[in-house]
Amino acid sequence: MEEKKYLNRICDDLLGQMLQSSGAVLVEGAKWCGKTSTAMNIAGSTLFMQDPDKAGSYQMLAETKPSLLLQGNVPRLLDEWQMAPVLWDAVRFEVDKRSTLGQFILTGSAVPADDITAHTGTGRIARLLMRPMSLYESLESNGSVSLNDLFEGKRDIQAISDLSIEQIAFAVCRGGWPQAVKLKEKSALRMAVNYVDAVINFDVQRVDDVEKNPERVRVLLRSLARNISTMTTLQTIKSDMEAMDFGISEKTLVNYITALRRIFVIEDLPAWQPSLRSKTAIRTSAKRQFVDPSIAAAVLRTNPDGILHDLEYFGFLFESLCVRDMRIYAQANDGDIFHYRDKSGLEADMIIRLRDGRWAAVEVKLGSRQIEDAANNLLALKNKIDAKKTGMPSFLMVVTGGEFAYQRNDGVFVVPIGCLKH
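Since this is a predicted model, take the numbers as computed values, not measurements.

(A) Structural view of the pairing of strand 4 (residues 104-108). Counting buried positions over the 5 residues of strand 4 gives 5, a clear majority of the element. Covered by surrounding structure in strand 4 are Phe104, Leu106 and Gly108 together with Ile105 and Thr107, the residues of both alternating faces. As defined by bridge partners, strand 1 (residues 24-29) adjoins strand 4 across 5 bridges and the pair is classed as parallel. Across the sheet, the residue bridging to glutamate 28 is glycine 108, located in strand 4.

Structure (structure tokens):
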């Protein structure tokens, strides 16, 4: 099979910018999300710590003279550096010694057990979180509506999505894994299944060298998949697992979830806590999310036809897809994503907040019938926010699985996911 060329990633530019302002950049993210390919695109030389022919000698050098592993054209890529955690301090020391920017790129698909990155490297090693591909990166969104343009005040939005509902269902189940994007349909769908099997049987065990029951991990993933895009509590997940005859203590459950976070499988959506005009209590629980919606589809053993026959669950998966894409688009605009829900039931599926304080509220609706309710929700939220403290939203938007992008008479944008880009 002919291999297609490298597909440009949105974080290509981010990585280049970071190398111009830091001695080294740590690129983290889920296995198979494309970290190595992206880093190799800009690297001057590469050290593959997982090279089976050289891994043993690399480990010996790391224990005796790690500086030898840092020699090479810059930026020097250290792939899967966490296999020899001493490399972190070696890079930090070398950056200080050279006093030159753009020296190293470190990539890793797991946070080390002692997470040395949490307390060292400040000012020397920048961090870049990489996710699977967005629909724009996989060339499925035509990118006719830019998130940056909306924040900059562009209001003349008229566009048409090229994606059918069937194509969206396929994109959900295939996921944004770069290699899957290059494969034909049947093989592409298999990749997410292979990813889940690798997580269950190997990756989650490796992350902290604590043995975990593979079937218990699988049942946990199924419970998380069934509750994707919801604020389901740990107790509910625990009860769900017990209903499937897999008893688990709360402590063990937390350990399992922590391990899945450390290999970037789980990426929950935190709650936004703005200043409100009223004293309405704000829910602070995170929404359950995987780093890619295909994980949920794979662990539940469903496929595009399956989710097309269960539109309610398809809606939750579609929201997960939109969260993945919007996280990537927001990151390119120096922003983060949250969700909002208060005790009155008022909610916004996503709040995009930029570092400079600008923000926008987004609702996600697979079909067109719920657009009216979604727009009313967003307008109600706008009126509830204390604009003096939080500022007025830059825009309100309903992201859909439909065909047309436009601005409603009330000012709310309706934009298909197949039209969006950063």
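(B) Molecular detail of the packing of aromatic side chains. As enumerated under the stated definition, the model contains 7 aromatic pairs in all. Each ring, one from tryptophan 272 and one from tryptophan 359, has its centre 4.8 Å from the other, and the planes form 40 degrees; the classification is tilted. Here tryptophan 272, found in the loop between helix 11 (250-262) and helix 12 (293-299), pairs with tryptophan 359, found in strand 10 (residues 359-365); they are 87 residues apart in sequence, far enough to count as distant. For the pair formed by tryptophan 272 and tryptophan 359, the shared burial category is buried. Counting every residue linked through ring pairs, the aromatic cluster contains Trp32, Trp177 and Tyr195.

(C) Representation of empty space enclosed by the protein within the structure. For the coordinates displayed, the defined rule picks out 3 cavities of 30 Å³ or more. Of the voids in this model, the largest cavity is the one considered here, and its volume is about 80 Å³.

(D) Fine view of the sheet that holds strand 7 (residues 159-160). An order of 7-12-13-11-10-9-8 is seen for the 7 strands of this open sheet, with the pairing classed as mixed. Among the strands making up the open sheet, the edge pair consists of strand 7 and strand 8 (335-341). Relative to the sheet, helix 15 (residues 371-384) contacts strand 8, strand 9 (347-354), strand 10, strand 11 (395-400), strand 12 (404-407) and strand 13 (413-416), its axis offset from that of strand 11 by approximately 155 degrees.

(E) Region of the structure containing the sheet that holds strand 4. Ordered by their spatial adjacency, 5 strands build an open sheet running 2-3-4-1-5, and the pairing between neighbours is parallel. Only two strands of the sheet have a single partner each, and these edge strands are strand 2 (45-48) and strand 5 (125-130). Recorded for the sheet is a direction-independent mean angle of 20 degrees between the axes of neighbouring strands. As paired strands, strand 3 (residues 76-79) and strand 4 are joined by 4 bridges and run parallel to one another. Bridged to leucine 78 within strand 4 is leucine 106. Packing against the sheet, helix 1 (residues 11-19) makes contact with strand 1, strand 4 and strand 5, and its axis sits at approximately 175 degrees to strand 5.

(F) Fine view of helix 9 (residues 214-226). Across its 13 residues, helix 9 extends 18 Å between first and last C-alpha, which sits within 8% of the 18 Å expected from 1.5 Å per residue. Considered for burial, the residues of helix 9 that qualify are Val217, Arg218, Val219, Leu220, Leu221, Ser223, Leu224 and Ala225. Buried-residue contacts for helix 9 involve helix 8 (185-206), helix 10 (234-243), helix 11, helix 12 and helix 14 (311-332). For helix 9, the N-terminal capping position is held by asparagine 213, with its side-chain oxygen 2.8 Å away from the main-chain nitrogen of glutamate 215.

(G) Geometry of unusual backbone geometry. In this model, valine 74 is joined to proline 75 through a cis peptide bond whose omega is -5 degrees. Along the chain, proline 75 falls in the loop between helix 3 (55-64) and strand 3. Unlike most non-glycine residues, arginine 301 shows phi in positive territory, near 55 degrees. With respect to the helices and strands, the residue arginine 301 is situated in the loop between helix 12 and helix 13 (304-308). The exposed category is assigned to arginine 301, whose relative accessible area is 65%. Even without glycine at this site, aspartate 334 takes up a positive phi of about 60 degrees. Its location among the elements puts aspartate 334 in the loop between helix 14 and strand 8.

(H) Molecular detail of the packing of helix 6 (residues 165-174) against helix 14. Close contact between helix 6 and helix 14 brings their axes to 10 Å; oriented N to C, the two are set at 70 degrees. Our classification of the angle between helix 6 and helix 14 gives roughly perpendicular. The element helix 6 and its partner helix 14 pack so that their crossing is left-handed. Touching Ile165, Ile168, Ala169 and Val172 of helix 6 are Phe314, Leu317, Phe318 and Leu321, all from helix 14.

Rules used in this analysis
Residues numbered from 1 in each chain as written. Predicted model: local features only at pLDDT ≥ 70, side-chain atom pairs only at ≥ 80, totals over all residues. Heavy atoms only, no water. Buried < 20%, exposed > 50% of the residue type's maximum accessible area, 1.4 Å probe, protein only. Helix = DSSP H or I, 4+ residues; strand = E, 2+ residues; numbered from the N terminus. Pairing = 2+ DSSP bridges. Phe/Tyr/Trp six-rings, centres within 6.5 Å; stacked < 30°, edge-to-face > 60°. 1 Å grid on protein atoms, 1.4 Å probe; cavity = no way out; pocket = protein on both sides within 12 Å on 5 of 7 lines; lining within 4 Å. Points joined across faces, edges and corners; volume = space filled by probe spheres on them. Contact = heavy atoms within 4.5 Å. Axes fitted to C-alpha atoms, helices over the stretch in contact; angles between N-to-C directions. Expected span 1.5 Å × (residues − 1). Polar contact = N/O pair within 3.5 Å; in protein donor to acceptor, adjacent residues only side chain to side chain. Parallel < 35°, antiparallel > 145°, perpendicular 65-115°, else oblique. Left-handed = near helix turned anticlockwise from the far one by under 90°.

None of this, on its own, says anything about what the molecule does.
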